[in-house]
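Notes for the structure review
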Amino acid sequence: MLELRPSCENCNKPLPPDSLEARICSYECTFCAACVDTVLHDVCPNCGGGFAPRPIRPARNWKGDNFLGKDPASAKVKHRPVDPSAHARFAAAIRTISPHDR
Ligand SMILES: [Zn+2]
Ligand SMILES: [Zn+2]
């Protein structure tokens, strides 16, 4: 199950469970859309993978107790800002490789 982390790891912007700006990598490293686009260049600084929009977990109990009331979002903040120039080099190197060979 996704943790639904509370904020962007780079800029610390709050990303509540219904945020349309939350982006996650396959390990659930969590960033805001602006940081993914302008700082990370769609390369995760922790694992080198790409990002996808984080799905919204329902706030209401539509079906079978699968909702935020039973499975709340994480409150554990991870704030580890990236060094933009070091990350730009890392991202540029990875982006020269075809997605299927990464
Ligand atoms: Zn951010
Ligand atoms: Zn990652």
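Reading the values: the criteria
- Residues numbered from 1 in each chain as written.
- Chains lettered and ligands numbered in written order.
- Predicted model: local features only at pLDDT ≥ 70, side-chain atom pairs only at ≥ 80, totals over all residues.
- Heavy atoms only, no water.
- Donors = N, O, S within 2.8 Å, 3.2 Å for Na, K, Ca; no water.
- Helix = DSSP H or I, 4+ residues; strand = E, 2+ residues; numbered from the N terminus.
- Buried < 20%, exposed > 50% of the residue type's maximum accessible area, 1.4 Å probe, protein only.
- Core = buried A, V, L, I, M, F, W, Y, C linked by side-chain atoms within 4.5 Å.
- Contact = heavy atoms within 4.5 Å.

What about the coordination of the zinc ion (ligand 2)?
Here the zinc ion (ligand 2) is held by the protein donor atoms Cys25 (SG), Cys44 (SG) and Cys47 (SG), which lie 2.3 to 2.4 Å from it. The sequence motif formed by the donor residues of the zinc ion (ligand 2) is C-x18-C-x2-C. Here the residue Cys25 occupies a position in the loop between strand E1 (22-24) and strand E2 (30-32), and Cys44 occupies one in the loop between helix H1 (33-40) and strand E3 (52-53), the gap between them amounting to 19 residues. For the residue pair Cys25 and Cys44, the accessibility class agrees, reading buried in each case.

Looking at the nonpolar core
Core analysis: the largest hydrophobic core is formed by 13 residues, its most contacted members being Cys8, Phe31, Leu40 and Phe51. In terms of residue count, the dominant contributor to this core is H1 (three residues).

Things to note about H1
Every α-helix winds through 3.6 residues per turn, so residues three or four apart in the chain are directed the same way. Among all positions in H1, only Ala33, Cys35, Val36 and Leu40 are buried. Where H1 is buried, its residues meet E1, E2 and helix H2 (84-95). Phi for His41, located one or two positions after H1, is positive at around 55°.

Treat this as a map of the structure, not an account of what it does.
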